[in-house]
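# Tertiary structure, described
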Amino acid sequence: MLDFVLRRLPRPEDPNLLVGYDTSDDAGVYRLTGEMALVETVDFFTPIVDDPRAFGRIAAANSLSDVYAMGGRPLVALTIIGFPASGSPELMEEILRGGIEKMTEAACAIAGGHSIRDEELKFGYAVTGLVDPRRVWRNVGARAGDALLLTKPLGTGVIATALKNEQASEESVDAAVRSMTRLNRDAADALREIEAAAPEATTPVHAVTDVTGFGVLGHAREIAIGSDVSIEIDFQQIEYLPGAVEAAHSGHLAGGLKSNREFLEGCVEFEPSVPEDYRRLLFDPQTSGGLLVAIDAASAKPALEALERRGVSARRIGQVVSRKSPLIRVA
């Protein structure tokens, strides 16, 4: 619906607005000088875990992720919270405390925020960061021959749904929380290392996005359409969270998963050998997911090594090919 409405509205005309909403990028970018630009993003959502402090950390990591996905450094954030009138001050305190912990880890100051009364609890941040306008990563620019990397495992959506249904194991929830609370800073730093080692005036990193509500296939679609390419994915090369396959098999499917599947119908083709449980996981909406990266194939191995040195569990999950039908193929 939002995409339909935005297409009917006038586009902002400002030469310093380098990245707006026209390509569904992760954040906006506004140029201040030839060497400095602002990265602007906002994100908030309802609780997906029972522990309020963990929820606060997840919401903060998720909000920061868009800045890292654009190649930026978080600078300052504003808190957004909708809180029930019947909620306890202690609950709010724990949520905010978790958010502060993660923002402190990211060296991102919290300047204040805004709260409203809301029957359904919601929490997140508006984050401002800095980026060199000449080195902005976008979700467009992938080239045929690129390798496709993913820096976090999949499965947070089905595990969170299983938790709501009181069917999630402690192991799977703990693993999902660890993944969702891990900043994408280390992954971004590893990619910057590879860029710094590249010959002058070249960049091996061609497209970057973080995997969130549209699932890995939805975000791959954005890269493919924006770059006028197609994408091939090997489902066996993807890492899945412990318990994710079991949760998908048991039918713990979030509404977003079903919406993603309906939206992507017609542009994704699965080989018959791909099991249904894994198809579900590729549509699964993620919270604070990893970075999906299209990188020059020759730099894929060095990038994976740089990621591993930082403790990032990254995988090479596919490749970018010339535009053809289907847009995305999973084998």
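Preceding this paragraph is the structure being described.
Residues numbered from 1 in each chain as written. Predicted model: local features only at pLDDT ≥ 70, side-chain atom pairs only at ≥ 80, totals over all residues. Heavy atoms only, no water.

### Observations regarding the overall build of the protein chain
Put simply, the rule reads: A run of DSSP states H or I qualifies as a helix once it reaches four residues; a run of E qualifies as a strand once it reaches two. Both are numbered from the N-terminal end. The globule rule used for comparison is 2.2 Å times the number of residues to the exponent 0.38, while the radius of gyration itself is calculated over C-alpha atoms. Three exposure classes are used, based on accessible area relative to the maximum for each residue type with a 1.4 Å probe and protein chains only: buried under 20%, partly exposed in between, and exposed over 50%. Between two residues, a contact is recorded if the distance between any of their heavy atoms is within 4.5 Å. Values of accessible area rely on a 1.4 Å probe in the Shrake-Rupley scheme; residue burial ignores everything except the protein chains shown. Lys and Arg are tallied as positive, Asp and Glu as negative. Neither His nor the chain termini are counted. Working definition for charges: the position is that of NZ of Lys, CZ of Arg, CG of Asp or CD of Glu.
A count of helical and extended segments in the protein chain gives 11 helices and 13 strands. On C-alpha atoms alone, the protein chain measures out to a radius of gyration of 19 Å, which is about the 20 Å that the 2.2 N^0.38 rule sets for 331 residues. Expressed along its principal axes, the backbone C-alpha trace of the protein chain runs to roughly 55 × 50 × 45 Å. Looking at the protein chain as a whole, 50% of its 331 residues qualify as buried. Here the contacts in the protein chain between residues at least 6 apart in sequence split such that 85% fall between residues at least 24 apart. Surface summary for the protein chain: the accessible area is close to 15,300 Å², and the carbon and sulfur share equals 51%. In the protein chain, 34 positive and 48 negative side-chain charges are present, and the distance between their average locations comes to 3 Å.

### Comments concerning the pattern of salt bridges
The following threshold applies: Throughout this description, the term salt bridge denotes a Lys or Arg side-chain nitrogen within 4 Å of a carboxyl oxygen of Asp or Glu.
Within this structure, the stated rule accounts for 21 salt bridges. The partner of Arg53 in a salt bridge is Glu101, and the shortest N-O contact between them spans 2.4 Å. Note that Arg53 is positioned in helix α2 (residues 52-69) and Glu101 in helix α3 (residues 89-105), a separation of 48 residues in sequence. Given a relative accessible area of 28%, Arg53 falls into the partly exposed group. What you see here is one network of salt bridges that share partners, running through Arg53, Arg57, Glu93, Glu94, Arg97 and Glu101.

### Details of unusual backbone geometry
Following Ser325, the chain continues into Pro326 via a peptide bond in cis, with omega recorded as 5 degrees. Examined against the element boundaries, Pro326 turns out to sit in the loop between β12 (315-322) and β13 (328-330). Within the chain, Glu166 stands out as a residue other than glycine whose phi angle is a positive 60 degrees. Here Glu166 shows up in the loop between α4 (156-164) and α5 (170-181).

### Things to note about the nonpolar core
Let me state the cut-off plainly: We define the nonpolar core as a collection of buried residues of types Ala, Val, Leu, Ile, Met, Phe, Trp, Tyr and Cys that are connected through side-chain atoms lying within 4.5 Å of one another.
Counting residues in hydrophobic clusters, the biggest one holds 100 residues, and the most contacted among them are Leu217, Leu282 and Val330. Ranked by residue count, the leading element in this core is α2, at 10 residues. Discounting chain neighbours no more than four positions away, the residues touching Leu282 are Leu154, Gly215, Val216, Leu217, Phe235, Ile238, Tyr240, Phe270 and Val330.

### Topic: the side chain of Thr156
Inspection of the secondary structure assignment puts Thr156 in helix α4. Residues contacting Thr156, with those up to four places away along its chain left out, are Met180, Leu241, Asp284, Pro285, Gln286 and Thr287.

### What to know about the sheet that holds strand β5 (residues 109-117)
Condition: In this scheme, strands are said to pair when DSSP sees at least two bridges between them. Axis angles are defined between N-to-C directions and span 0 to 180 degrees, where every axis is a line fitted to C-alpha atoms and, for a helix, only to the segment in contact.
What the 6 strands build is an open sheet, ordered β1-β2-β3-β6-β4-β5; its pairing is mixed. Unpaired on one side and paired on the other, β1 (17-19) and β5 mark the two borders of the sheet. Each neighbouring strand pair of the sheet contributes to a mean axis angle of 20 degrees, computed without reference to strand direction. Where β1 and strand β2 (residues 28-31) come together, 2 bridges link them in antiparallel fashion. Bridge pairing in β2 places Val19 opposite Val29. Here α2 sits on the sheet and contacts β3 (37-45), β4 (73-83) and β6 (122-131); the angle it forms with β6, its principal contact strand, is near 30 degrees.

### Here's the deal with the pairing of β3
Remember that side chains alternate between the two faces of the sheet whenever the strand is regular. By the bridge criterion, 4 bridges tie β2 to β3 in an arrangement that is antiparallel. Following the sheet pairing, Gly28 is matched in β3 by Glu40. Relative to β6, β3 runs antiparallel, the two being bridged by 9 bridges. Bridge pairing in β6 links Phe45 to Phe123.

### Things to note about the sheet that holds β13
A sheet is described by the order of its strands in space; here 7 strands give the open sequence β8-β11-β7-β12-β9-β13-β10, paired in mixed fashion. Here the strands that pair on one side only, and so sit at the sheet edges, are β8 (205-210) and β10 (268-270). Each adjacent strand pair in this sheet contributes to an overall mean axis angle of 20 degrees, direction not counted. Bridge count between strand β7 (residues 147-150) and strand β11 (residues 291-295): 4 bridges; the pairing is antiparallel. Bridge pairing in β11 links Leu150 to Leu292. Lying on the sheet, α2 is in contact with β8 and β11; it crosses β8 at an angle near 170 degrees. The sheet strands contacting helix α7 (residues 215-227) are β7, β8, β9 (229-233), β10, β11, β12 and β13, and the helix crosses β9 at an angle near 150 degrees.

From the geometry alone we can't say anything about function, so treat these as descriptive.
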